[in-house]
Structures are given as structure tokens and as C-alpha cells.
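# Commentary on secondary and tertiary structure
So the chains spell out like this:
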Amino acid sequence: LPLAVARAVLAALRGRLGALCWSLAPLSLHLPLPGWRRGSAPSPAAPAEPRRDGERDDAFPTPTSVNYHFTRQCNYKCGFCFHTAKTSFVLPLEEAERGLAMLKEAGMEKINFSGGEPFLQDRGEFVGKLVQFCKQKLKLPSVSIVSNGSLIRERWFKKYGEYLDILAISCDSFDEDVNVLIGRGQGKKNHVENLHKLRQWCREYAVAFKINSVINRFNVEEDMNEQIKALNPVRWKVFQCLLIEGENCGEDALREAEKFVTSDEDFERFLDRHKDVSCLVPESNQKMKDSYLILDEYMRFLNCRNGRKEPSKSILDVGVEAAIKFSGFDEQMFLKRGGKYVWSKADMKLDW
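Description of the structure in this document. (Residues numbered from 1 in each chain as written. Predicted model: local features only at pLDDT ≥ 70, side-chain atom pairs only at ≥ 80, totals over all residues. Heavy atoms only, no water.)

### Concerning the pairing of strand β1 (residues 65–69)
Counted residue by residue, β1 has 5 buried out of 5 residues, so it is predominantly covered. Of the two faces of β1, both are covered, the one formed by S65, N67 and H69 as well as the one formed by V66 and Y68. Of the pairings in the sheet, the one linking β1 to strand β2 (residues 110–114) comprises 5 bridges and is parallel in character. Counterpart to H69 in the pairing with β2 is S114. In this fold, β1 hands off to helix α2 (residues 93–105), which returns the chain to β2; that crossover is right-handed. Bridge analysis of β1 against strand β8 (residues 293–295) gives 3 bridges, and the strand direction is parallel. By the bridge assignment for β8, Y68 is matched with L295. (Buried < 20%, exposed > 50% of the residue type's maximum accessible area, 1.4 Å probe, protein only. Helix = DSSP H or I, 4+ residues; strand = E, 2+ residues; numbered from the N terminus. Pairing = 2+ DSSP bridges. Right-handed = clockwise from strand over helix to strand, strands pointing away.)

### Some points on the pairing of strand β4 (residues 166–170)
Most of β4 sits inside the fold, with 5 of its 5 residues counted as buried. What you see with β4 is no split at all: I166, A168 and S170 on one side and L167 and I169 on the other are buried throughout. Taken together, the 4 bridges between strand β3 (residues 142–147) and β4 define a ladder with parallel strand orientation. Each bridged residue has a counterpart across the sheet, and for I145 the counterpart in β4 is L167. Crossover connection from β3 via helix α4 (residues 154–160) to parallel β4: handedness right-handed. Where β4 lies against strand β5 (residues 208–215), 5 bridges are found, and the strand directions are parallel. Bridge pairing links S170 to N212 in β5.

### What to know about the packing of α2 against helix α3 (residues 125–137)
Across the interface, α2 lies against α3 with an axial gap of 11 Å and an inter-helix angle of 35°. When the axes of α2 and α3 are compared, the crossing they make is right-handed. From α2, L93, A96, E97 and L100 reach across to α3, where they touch F126, K129, L130, F133 and C134. Classifying every residue of the contact of α2 with α3 gives 7 nonpolar, no polar and 2 charged. (Axes fitted to C-alpha atoms, helices over the stretch in contact; angles between N-to-C directions. Left-handed = near helix turned anticlockwise from the far one by under 90°. Contact = heavy atoms within 4.5 Å. Nonpolar A, V, L, I, M, F, W, Y, C, P; charged D, E, K, R; others polar.)

### Overview of α3
Because an α-helix packs 3.6 residues into every turn, residues spaced three or four apart end up facing the same way. Across its 13 residues, α3 extends 17 Å between first and last C-alpha, which sits within 8% of the 18 Å expected from 1.5 Å per residue. Where α3 is concerned, the buried positions are F126, V127, G128, L130, V131, F133, C134 and K135. The secondary structure elements touched by the buried residues of α3 are β1, α2, β2, β3 and α4. In the stretch just after α3, K139 is the one whose phi turns positive, near 55°. (Expected span 1.5 Å × (residues − 1).)

### Things to note about the packing of aromatic side chains
Under the criterion given, the structure shown has 15 aromatic pairs. A ring pair is formed by F218 and F260, whose centres lie 5.1 Å apart and whose planes are at 70°; its orientation type is edge-to-face. Taken together, the residues F218 in the loop between β5 and α7 (225–231) and F260 in the loop between β6 (235–240) and α8 (264–273) connect sequence positions 42 residues apart. You can call F218 partly exposed: its relative accessible area is 23%. When the ring centre of Y341 is taken as reference, the NZ or CZ atom of R235 above it lies at 3.6 Å. (Phe/Tyr/Trp six-rings, centres within 6.5 Å; stacked < 30°, edge-to-face > 60°. Lys NZ or Arg CZ within 6 Å of the ring centre and 35° of its normal.)

### Thoughts on a positive patch on the surface
A surface patch of like charges, here positive, comprises R123, R153, R155, K189 and K197. Mapped onto the fold, K197 is located in helix α6 (residues 191–204). (Patch = residues over 30% accessible without salt bridge, like charges linked within 9 Å, V, L, I, M, F, W, Y side chains within 5 Å. Areas by Shrake-Rupley, 256 points an atom, 1.4 Å probe, with all protein chains shown as cover. Salt bridge = Lys/Arg side-chain N within 4 Å of Asp/Glu carboxyl O. Lys, Arg positive; Asp, Glu negative; His and termini not counted. Charge placed at Lys NZ, Arg CZ, Asp CG, Glu CD.)

### Considering α6
Its 14 residues place the ends of α6 20 Å apart at the C-alpha level, agreeing with the 20 Å of an ideal helix rising 1.5 Å per residue. Taken residue by residue, α6 has H191, V192, N194, L195, L198, R199, W201 and C202 as its buried positions. Against α4, β4, α5 (176–182), β5 and α7 lie the buried residues of α6. The opening residue of α6 is N190, an N-cap whose side-chain oxygen sits 3.0 Å from the backbone nitrogen of V192. (Polar contact = N/O pair within 3.5 Å; in protein donor to acceptor, adjacent residues only side chain to side chain.)

Printed below as a string of C-alpha cells:
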């Protein structure tokens, strides 16, 4: 027993030292640690299984569309958030680009940058450089961002707008009091007013505009028909509030989202109330849980099948194919929910 405890302590220390060395990488400080190399993820994960006899490469799902949550830090405190600020880690830019190139080689066509709040890192320069890299160097058909919109400035559009296909802004209510209640409030700033400003910038800089809404107990009775039609997004993604153990529920969670949960019946009534909105894209918990490929800040695929986020090894260590088979990704559900659509702004023929 003492030997097992000692090994566990050493493993934990090695992980912390690995993360520290990774964060020092931009300073070119190289600390040779046993079992660590640049690009390794500090947290333990399931070991890669050997390929069975006769098993083909195409037995693994293709990472056609990937959601890269490169930061967990956020300036909002949404009560139902299911990707919370459990770490402050962000990969060095060159390592993130290396991983993105690996995903492109494995078949990625669309990348979505998310968080946390992606515009927090280096005042939006980090995500801007990633967007430019993916469109200009990797030539991906679609590059998108999900943001709360509070930190985006017009100068960002001037510098990086041409490389961005879709900007999705999270807006759960058109009643500012409800937004504050949910946690989308920042003092005197008005979330809804800012949404309209961002909509105009998207028109001016030829970026497709999308809205994401999480339907919960505080907004499930709201009628958003008029506001959504006026904003005219290319897509209005409507999610059902989802519980993820260790993120927004459970003993080790940073949020307590139970009070936000709404029933399947209430969610369906909300959808029925908005059935005439042509851009509506509904996603129930069942559709959402297994049909997204999610990469965390260490570039590990997150498997949500058991109700919590269980990480694979980092693609930077073991490659995309070895990591993706632990993702829990349901490729058929991805296609069934309409995960693949016209996602390049060059093909949308929009009236900007």
C-alpha cells in the first residue's frame, strides 16, 4: 500500500511539472523530465489499445468537424456552463497549430474555436492567429468561433474577419434581467445591445452570423420569434440545458446547474413556439451528448457518454487515430442531427 501511494504522488507531481514546463515553452526553457516531452498532456487517460488483426484504419470516425475548447477561462459566470474554468492552461500557439495540422491530415473540414471565452486570451489575438492559420495555411472549408461577444472589437474584424466563416454568439434571452440571472452580465454592459452591434459588424466584414441559445428554466417560456427574425442569423442553434458531472453538477463541479434544468416536454414546447423560425436548429440532450468531437485545452478528445468528460490521450502524443477511438463520438448521430451543412461562407451566397 505505501508503494502504491508513493507512485500515485509521483505521478501527480510529474503531471504538475509537465504542465509547468509546457507553460514555459515560449521562453525556450527545456527541462528534461522523465516521461515528459513537449506536446504531452499532463493528465492521465486511458491507454491506447493495440489494433486488432484485420482492423482497418477507416474503422475510426473521421474528425470532419471538431470543437477545440483551447481555454476554460471566461469573463461570464453562466450557471449552466458545462465547460468550466477548472484550469487556466492554454497550449503554446505553435503546439496548437501542430495539432490542428494533424487534424486536417486526418480529414478535418471544419474547426470551431470555443472556451471558456476564446477572446480572453491575448485580447483575441490568439484565436485570431489560429483562425488565420486554419483558413490561410490549412485551407479549411470552414472556420468558426463561439463567443459571448463581450470582448470582440471592430479592429479584430478588420484584421481577421476575412479568415472567419461563422461567428456564433451565445444569447439565451432578449430580456436583460434574465441574462443577468443566468450569469451573462457584466455590470453596465448590455448583452442584447452588444449582440446587435456584432450582427452589424458581421454584415460589414462578410462573416456569417449565428446565435446559440441554451434553453433552461429561466427562459423556457420566452417568445424569441420577433428578435431572432430581426437579427436573421444563418443558424439559430437551440440547446437543451445539459448536466455534465464534474463540470456543472456533482461534488467536484464548479457550477450547480440543477436549478436550470428543464424537462423534455418544456423544451419541446419551446421548439414548437418557434417552429416558424426557418434558421432554427434544435438539439436535445440526446442529440448533443455523443455527436460532437470535443478537444480540451490539452488537445484530448472528451468522451461524455457516461455523463462526465473523460479524456483520451492528447493527439499531440498518440496521434489523431489513436485518440479519437476514446472520444465516444457517434458519427451517425452527428450526421442525423445535421452536423454537416453548408458551412463555408463562400458557398452561402449571403446578402451581407
